[in-house]
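Fold and geometry: a report
So you can see what is in the structure, the chains are spelled out below.
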Amino acid sequence: MANITCTIDGQRVSVPEGTTILNAAKQVGVKIPTLCYLEHVGLRHVKHEVGECRVCVVEVEGKKDFVTSCNTPVEENMIIHTHTPKIIAARKLNLEMMLSDHHLDCPTCPKNGICELQKLCAELNVRQIRPQGEKKELPIDDSSPSIIRDPNKCILCQRCITACRVLQTVDALELYGNGYDAVVRPKGGLPLIETQCVACGQCALVCPTGAILEKDDTGTVWKALADPKKHVVVQTAPSTHVTIGEAFGLPVGTDITGKMVAALKRLGFNAVFDTNWSADLTIMEEGYELIHRIKNGGVLPQFTSCSPGWIKFCEEFYPDLLPHISSCKSPQQMFGPIAKTYYAEKKGINPEDIFVVSIMPCTAKKYEAARPEMNAAATYWNNPNITRDVDVVLTSRELIRMIREAGIDFANLPDEPYDPLMGEGTGAAQIFGATGGVMEAALRTAYEVITGKTLPKLDFEDVRGMKEIKEASVNMNGLTVKVLVAHSLGAARQLLDKVRAGELKDYHFIEIMACPGGCIGGGGQPIPTTVEERENRIKGIYERDKKLKIRKSHENPEIQAIYKEFLKEPLGHKSHQLLHTHYTPRGKSN
Ligand code: SF4
Ligand code: SF4
Ligand code: SF4
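It should be emphasised that the depicted structure is a prediction, and the values quoted were computed from it without experimental measurement.

Looking now at the site of ligand 3. In the region of ligand 3, 13 residues are neighbours, and Cys154, Cys157, Gln158, Cys160 and Cys207 sit closest. Looking at the shell around ligand 3 residue by residue, the class counts come to 10 nonpolar, two polar and one charged.

With that settled, the discussion passes to the sheet that holds strand β13 (residues 354-360). Strand pairs in the sheet, formed through backbone hydrogen bonds, run parallel or antiparallel to each other. Taken in spatial order, the four strands of this open sheet run β11-β10-β13-β14, and their pairing is parallel. The open sheet is flanked by β11 (271-274) and β14 (392-395), the only strands paired with a single partner. Here the average twist between neighbouring strands, direction ignored, is 25 degrees. Note that strand β10 (residues 231-236) and β13 share six bridges and pair parallel. From the neighbouring strand, histidine 231 faces β13, where its bridge partner is isoleucine 354. Across the sheet, helix α10 (residues 331-347) lies against β10, β11, β13 and β14, angled at about 155 degrees from β13, the strand it touches most. Seen against the sheet, helix α13 (residues 396-405) touches β13 and β14 and runs at an angle of roughly 85 degrees to β14.

All right, on to the UniProt feature "domain: 4Fe-4S His(Cys)3-ligated-type" (unreviewed entry) in the chain then. The positions UniProt marks with the feature "domain: 4Fe-4S His(Cys)3-ligated-type" (unreviewed entry) are residues 86-125. Strand forms 0% of residues 86-125 and helix 57%; the C-alpha atoms that close the span are 15 Å apart.

Compared with an ideal rise of 1.5 Å per residue, which puts 17 residues at 24 Å, helix α17 (residues 531-547) spans 25 Å between its outermost C-alpha atoms and is within 8% of the ideal. Within the span of α17, buried status applies to Val531, Glu533, Arg534, Arg537, Ile538, Gly540, Ile541, Tyr542, Arg544 and Asp545. For α17, the elements touching its buried residues are α5 (202-206), α7 (257-267), α8 (275-296), α14 (427-430) and α15 (437-451).

On to the site of ligand 2, then. Around ligand 2, the structure places Cys164, Val170, Leu173, Cys197, Val198, Ala199, Cys200, Gly201 and Cys203. Broken down by class, the residue content of the shell around ligand 2 amounts to eight nonpolar, one polar and no charged.

Examined at the domain level, the chain breaks down into domain 1 (3-83), domain 2 (97-215) and domain 3 (218-579). The centre of domain 1, based on its C-alpha atoms, is set 25 Å off from the matching centre of domain 2. Taken residue by residue, the interface counts 16 residues in domain 1 and 17 residues in domain 2. For the pair domain 1 and domain 2, the two sides together bury roughly 1300 Å², of which 72% comes from carbon and sulfur. On the surface where domain 1 and domain 2 come into contact, there are one salt bridge. In this structure, lysine 31 engages glutamate 123 in a salt bridge whose closest nitrogen and oxygen atoms are separated by 3.8 Å. Summed over the shared surface of domain 1 and domain 2, the number is three residue pairs in polar contact (both at pLDDT 80 or more).

Time to look at α10. Of all the bends in α10, the largest measures some 45 degrees and sits at isoleucine 338. For α10, the buried fraction is high: 14 of the 17 residues fall into the buried class. Just downstream of α10 lies glycine 348, where phi reads positive at about 65 degrees.

We now examine the pattern of salt bridges. What the rule picks out here adds up to 40 salt bridges. With a closest N to O distance of 2.7 Å, lysine 366 and aspartate 217 form a salt bridge. With lysine 366 in helix α11 (residues 364-369) and aspartate 217 in the loop between β9 (212-214) and α6 (218-226), this residue pair connects regions lying 149 residues apart in the sequence. Here the salt bridges do not stand alone but share partners, grouping Glu440, Arg444, Asp459, Arg464, Asp545 and Arg551 into one network.

Look at the link from leucine 300 to proline 301: it is a cis peptide, with omega at -5 degrees. Among the structural elements, proline 301 can be located in the loop between α8 and β12 (302-303). Cis rather than trans, the peptide bond between isoleucine 527 and proline 528 has omega equal to 5 degrees. Structurally, the position occupied by proline 528 is in the loop between β17 (509-513) and α17. With phi around 75 degrees, lysine 568 is a residue other than glycine that occupies positive phi space. By secondary structure assignment, the location of lysine 568 is in the loop between α18 (557-567) and α19 (573-579). Relative accessible area serves as the criterion here: at 58%, lysine 568 is assigned to the exposed category.

Across the six residues of strand β1 (residues 3-8), five count as buried, placing the element largely inside the fold. With six bridges connecting them, β1 and strand β2 (residues 11-16) associate as antiparallel partners. Counterpart to asparagine 3 in the pairing with β2 is proline 16. What sits between β1 and β2 in their antiparallel hairpin is a turn of two residues, with aspartate 9 showing a positive phi close to 50 degrees. For β1 and strand β5 (residues 79-81), the ladder comprises two bridges, and the chain directions are parallel. Counted as the bridge partner of isoleucine 8 is isoleucine 80 from β5.

Moving on, we get to the sheet that holds strand β4 (residues 67-68). If you walk across this open sheet you meet the five strands as β2-β1-β5-β3-β4, and the pairing is mixed. The outermost strands of the open sheet, each flanked by one partner alone, are β2 and β4.

Bringing the packing of α8 against α15 into the picture now. Between α8 and α15, whose axes approach to 9 Å, the crossing angle comes to 60 degrees. You can see that α8 and α15 cross each other, and the crossing is right-handed. Residues Ile283, Tyr288 and Ile291 of α8 form the contact with α15, whose own contacting residues are Val438, Ala441, Ala442, Thr445, Val449 and Ile450. Partitioned by chemical class, the residues of the contact of α8 with α15 number eight nonpolar, one polar and no charged.

Here the focus is the nonpolar core. Ranked by size, the top nonpolar core spans 44 residues in total, and within it Trp310 and Phe313 carry the most contacts. Elements represented by at least two residues in this core include exactly α4 (159-167), α5, α9 (308-317), β16 (479-487), α16 (489-500) and β17. It is α16 that contributes the most residues to this core, six residues altogether. The residues that make up this core include at least three from each of domain 2 (97-215) and domain 3 (218-579). In this view, tryptophan 310 contacts Phe303, Thr304, Ile325, Leu489, Leu496, Ile512 and Ala514; residues no more than four positions away in its chain are not counted. If you look at the next biggest cluster of nonpolar residues, it comprises 33 residues, including Val233, Phe273, Trp277 and Phe566.

The rules behind the values
Residues numbered from 1 in each chain as written. Chains lettered and ligands numbered in written order. Predicted model: local features only at pLDDT ≥ 70, side-chain atom pairs only at ≥ 80, totals over all residues. Heavy atoms only, no water. Near = heavy atom within 4 Å. Nonpolar A, V, L, I, M, F, W, Y, C, P; charged D, E, K, R; others polar. Pairing = 2+ DSSP bridges. Helix = DSSP H or I, 4+ residues; strand = E, 2+ residues; numbered from the N terminus. Axes fitted to C-alpha atoms, helices over the stretch in contact; angles between N-to-C directions. Contact = heavy atoms within 4.5 Å. UniProt positions renumbered as here; feature names shortened; annotations may be inferred. Expected span 1.5 Å × (residues − 1). Buried < 20%, exposed > 50% of the residue type's maximum accessible area, 1.4 Å probe, protein only. Domains from an automatic or database assignment. Buried area = accessible area lost by both parts, 1.4 Å probe. Salt bridge = Lys/Arg side-chain N within 4 Å of Asp/Glu carboxyl O. Polar contact = N/O pair within 3.5 Å; in protein donor to acceptor, adjacent residues only side chain to side chain. Bend = angle between axes of the 7 residues up to and from the residue. Left-handed = near helix turned anticlockwise from the far one by under 90°. Core = buried A, V, L, I, M, F, W, Y, C linked by side-chain atoms within 4.5 Å.

Below you can see the structure in the form of structure tokens.
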């Protein structure tokens, strides 16, 4: 590709043909402000350059009008100016126009402090709003248990549409109408819950304002914690171990597990447990299910079932492939009924009084916990007063807010251990937080169960990293087990089309995670969640795996204990009752 040479603010720069002015400017250390622009949604091919907000305008000598730098490629010998008084005034005016019909209730806005619009106004020294427009009064959409939309705060940047349409290929959102009447809304103007939205929250991660966010359930948890009749237990998802610290100034990817436990104890939870424990349980059930399918001619390839956004995606768009999905519940949903049966029995607590909270990376987990079939403890006890296995799901961002509300000095907390019984997790469980992790954890156990030999090398590097689709094969007593891994629903769609066409018949196991990078890039994680953050969080996940003494799920002593004392065996009667589920074909393609 030919190189183009141009001048930016007096500096000569040579860049490959097709480079935008914005990116060429970066190369000479010039930062042009942007708002609607989004370089990476999570995977490198997803580009969003709509040039809608016009905050990144620059002056090009010889051109009458300013040009938007995010989507204008440099030309040979272009002379570009990025911060003349006229440009600065134009940028400010563009921001003021945006603010003129914006509901400016920053102090009470959930995006306060992490809002890109707010931050840019501060950076560009916007001190007044000259144009005074009519403020829209559009209804707030809280139909989804996961996501809340306030269209009055939308600046029409369309980042959410790109995340939903290009990255996830769900296409639940659209730009509707023109000019002042233009809105970004769920397809067909329906409430979000009535669309094919899978609740993944990738739209919330990229929204620069408070227009799309997770549903806030912190109030319900505060109430439960204050209720002396309730025994409130909490579980923390593997990925949260390396993400919560970001909000408290710690480097991205720092292992804050011990501090998170300490914070949860200070918040008043009666018992602090780890979803890593039930991730190990998942591997036992899912690994044995895979072995059973291979030995008995079951439906293959088997798909993983931990990611609820992915489950809903399959139910909506590929209902014919549902028999491929493992019947195992996700680690979150295995934890819930076990807390209300095994733990309740062991501790002599009335299961009606046990209130289960999850700390999750994921907005779709709120949807998953609310699914009507997720009430196995009620069936077990034949007690209709138990309504849900997991009572409340909080995203990483909500826990961060609770820690702040309680005035806890998180960064300086001492490390504290999880409580026993459901608190021990292995390295295999820890890597559930990163794309490829569930697969690697399953292989660590399946290999040893099938061959009866010790794995010579625990690390399956082929399934690690941010490549969209990864592949590996392992010889197990003469059988070559072939596996695939996909993260983001756009990548999943590529694989599912092949499965549907019968092209992947010789594969045994496919891991699918709805979010780019896996759970570390979940829709409920700290903002920003860029490619760089995702990569550093993944590094933190594997470092923690290396540090842990036990790195295989079947070697977890607390997992061995629950099989001995309660479940008896993987895929047994109690396991089926409490740990397995079914799926519901839905959506247009059904
Ligand atoms: S979206 Fe941003 S600018 Fe708008 S009210 Fe919320 S914090 Fe303020
Ligand atoms: S939650 Fe996911 S599927 Fe739903 S609108 Fe947002 S990006 Fe699309
Ligand atoms: S909802 Fe957020 S991401 Fe979507 S267009 Fe509006 S401001 Fe942009």
